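Summary of the model geometry
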Amino acid sequence: MTKQKAMLIDIKRCIGCLSCETACKQLHGFSTAPEPTLSDTAFTVVETRGGTFVRKVCMHCNDPACASACPVGAIGKTAMGPVVYNADKCIGCRYCMLACPYQVPRYQWTKLAPFVKKCDMCAERVEAGKPTACAEACPVEATIFGDRDTLIGEAWTRIRDDSSYVPRIYGLEELGGGSVLFVSDVPFEKLGFKPAPTGNQPMPTLTASALGDSPKVVIMGGTILSALYWVTQRRHEVALAEAEEKATINRSRGKRS
Amino acid sequence: MIARIKSEITLWRVIIAIIFVTGLYATYIRFFEGFRASTNLSDQMPWGLWVGLGTLCGIGLSAAGFGISAAVYLLGMERYRPILRASILISFLGYLTVMVGYLYEIGLPWRFWHPIVMWNHRSMLFDVCICIMTYTTVLTFEFAPAVIEKLPWKAFRETVLRYHHKILIAVVLAGVLLSSMHQSYLGGLFLIARGKIHPLWYSQYMHALFYLSAIPAGLALTVMAIYLSMRSLNVRVDFSILSDCGRMIQMLLIVYAFFKFLDLVSNQALGYAFQRTSEAGYFWLEVLLFLAIPIFLLSYDFVRSNPERLYWTSAIVVAGFMVDRLNVSINSLQTAMGTHYVPKWTELASSVLVIAAGVIAFRYAVIYLDILPKMTAKPATRWISNAGVPAQA
């Protein structure tokens, strides 16, 4: 069994050198000019929030909202952890962008054949046993790559050994957890991490309950409608028979007189 | 000669010409220059007017077809038979406009068929796609007799219509279920956007609310279309049927208003309606147009029994419904997404083009097919009688 991989991002250690951003852009052949937010040519950026550097990147959820939303199943989570996008399936509906609670997927708005763009956690490199480009580039180990279990242990160690850390690993359980983990010395709420809309429940559960009801509704609705139709037909038949009876009586009366 | 040409140029023809020229130009920009040139969509507002107006309003306003066909075929409410075909035609054309709109919306329109072969049963949008495609087929089937009965080949006509009649009820039943599913799934699309949608609209029962609101809106559009046909297309319908539709619209709106209110209370979202935010403003506009004004007006007999007044009241219902769908799909998202989206003229022009094409198709169908009873004394040559059974004569 392959072990799930993950990235641990330590906000306290980050020095804002943008090496991760540059490495990512170089790997994908984009211009290395830094960008303020995620874009179709910036799959990770380092934002500054009140003097603290906060990396923004796909969280690679364990049960991703984008993957559940995609009508053609173009997005999926691999056994190793990365949430990957299959451009050959995509129709460009952009529902993944609406669904993602972290607002990560970006679209190539300027292209005539536009695709969705987002971090794929260097799925090919990971498959080949290499770390992600950003983790490899980080000079201060603010982003490290490894087995998810090992990294969780490492995160707790850092939190235990240094009391300035917030005692929480963001991404461990939020929305069902994911393959990108954050530790920080500043409360996450102050760094633009929004409260998880469904707590520790994965986002797809929101849709699943509504979809799960539909077989029941269809079976019940179908039965009720069929029954109503039967009643309608029966009434129709009875009315016809009565009219016929009346007509026969009238005819026989007519004969007698 | 010039006088004749002049007499051909009427106000509506000029308007239609403008709609077609601008719409076709907008279409050119969409397909040959891309989204950036043709829309104001962004990473913060991935869905805009095309989804809000084209799909959500288009499908919602086409809800009368399944409502009336359920009433007539399944519940035996024969009273509504005269407007059955018109409502099915409206739904059919409505769904066709949505199908065309779908090609504008998706980034890779030549892959429109992907959802048919690439399934993701966990996706609300997948279910919407499949339901809409299947139901459009059902509508084609339900509408087909109006065309087939006009074909010149008698034997073919009669054979096809006999088999058509045999499976009609089953198809109608399937159509009602399919409609109920995707009318609500359209609301279900937004369930996963929890945390982004403003609390005045987000609810775990959004799908149910979408379903409840679509039926009165669809009926209102049918009333409008039939009124206009009566006024300008030499068509005669017993007006009391439309009056009854008015009463039904009011009843359904009251039911919707009740559940919407209940939902707001149970989600503790009612307070948001009294904040000084633009969302609250949009919310009250929706409440006024879709619920308060129509429910108030339709409770008066002098509104219901007057064609023109009923027409304008229905127009308010339709407008209110559109405000509701645009609120859910655009206005409710702006704050959380940190953006302000105003559609580009090209988005509006192309949407209006598709809608106008639907309206024109409706007009010619009513003129050339037996959709609504004609005023002229010429006896109808319909193979299916008004009672839906093969004509004996």
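Small disclaimer: the values here were computed from a predicted structure and weren't measured.

**Some words on the overall build of chain B**
Scanning chain B from N- to C-terminus turns up 15 helices and zero strands. The C-alpha atoms of chain B give a radius of gyration of 22 Å, which matches the 21 Å a tight globule of 393 residues would have. Taking the principal axes of the C-alpha coordinates as reference, chain B spans close to 65 × 50 × 45 Å. Looking at chain B as a whole, 47% of its 393 residues qualify as buried. A sequence separation of at least 24 residues applies to 79% of the contacts in chain B between residues at least 6 apart.

**Things to note about the packing of helix H10 (residues 206–232) of chain B against helix H11 (residues 239–266) of chain B**
Helices that pack against each other are described as a pair by the angle of their axes relative to one another and the distance between those axes. Residues and elements named next belong to chain B. Between H10 and H11, whose axes approach to 9 Å, the crossing angle comes to 155°. Judged by the angle between their axes, H10 and H11 are roughly antiparallel. Of the two possible hands of crossing, H10 and H11 adopt the one that is left-handed. Touching Leu209, Leu212, Ser213, Ile215, Pro216, Leu219, Ala220, Val223, Ile226 and Tyr227 of H10 are Leu242, Cys245, Gly246, Met248, Ile249, Leu252, Leu253, Val255, Tyr256, Phe259, Lys260 and Asp263, all from H11. When its residues are assigned to classes, the contact of H10 with H11 shows 18 nonpolar, two polar and two charged.

**Some points on the interface of chain B and chain A**
Each partner contributes to the interface: chain B provides 39 residues, whereas chain A provides 46 residues. Listed by contribution, the elements that provide at least two residues to the side of chain B that touches chain A are helix H3 (35–38), helix H7 (114–117), helix H8 (124–148) and helix H9 (154–188) of chain B. Residue contributions to the side of chain B that touches chain A peak at seven residues, all from H9(B).

**Considering the environment of Ile16(B)**
Residue and element names in this part refer to chain B. Inspection of the secondary structure assignment puts Ile16 in helix H2 (residues 11–33). The class for Ile16 is partly exposed, based on 15 C-beta atoms found within 10 Å. Remark: the alpha-carbon pair of Ile16 and Leu353, spanning 337 residues in sequence, is separated by 8.8 Å.

**A short note on the domain arrangement of chain A**
According to the domain assignment, chain A consists of domain 1 (5–202) and domain 2 (209–257). Of note, the centres of domain 1 of chain A and domain 2 of chain A, computed from C-alpha atoms alone, are 61 Å apart.

**Brief notes about the environment of Gly34(B)**
With respect to the helices and strands, the residue Gly34(B) is situated in the loop between H2 and H3. Each C-alpha atom of the pair Gly34(B) and Gly107(B) lies 8.5 Å from the other, and the pair is 73 residues apart in sequence. Residues contacting Gly34(B), with those up to four places away along its chain left out, are Thr110(A), Lys111(A) and Leu112(A).

**Looking at the confidence of the model for chain B**
All names here are of chain B. Of the residues in chain B, 95% reach a pLDDT of 70 or more, and the chain-wide mean stands at 91. Here residues 381–393 is modelled with pLDDT under 50, and outside its nearest four sequence neighbours on either side it reaches 17 contacts, counting other chains as well. Overall fold confidence for the complex sits at a pTM of 0.90, while the interface term, ipTM, reaches 0.89.

What counts and how
- Residues numbered from 1 in each chain as written.
- Chains lettered and ligands numbered in written order.
- Predicted model: local features only at pLDDT ≥ 70, side-chain atom pairs only at ≥ 80, totals over all residues.
- Helix = DSSP H or I, 4+ residues; strand = E, 2+ residues; numbered from the N terminus.
- Rg over C-alpha atoms; globule rule 2.2 N^0.38 Å.
- Buried ≥ 20, exposed ≤ 12 C-beta atoms within 10 Å, placed from the backbone.
- Contact = placed C-beta atoms within 7 Å.
- Axes fitted to C-alpha atoms, helices over the stretch in contact; angles between N-to-C directions.
- Parallel < 35°, antiparallel > 145°, perpendicular 65-115°, else oblique.
- Left-handed = near helix turned anticlockwise from the far one by under 90°.
- Nonpolar A, V, L, I, M, F, W, Y, C, P; charged D, E, K, R; others polar.
- Domains from an automatic or database assignment.
- pLDDT = per-residue confidence, 0-100.

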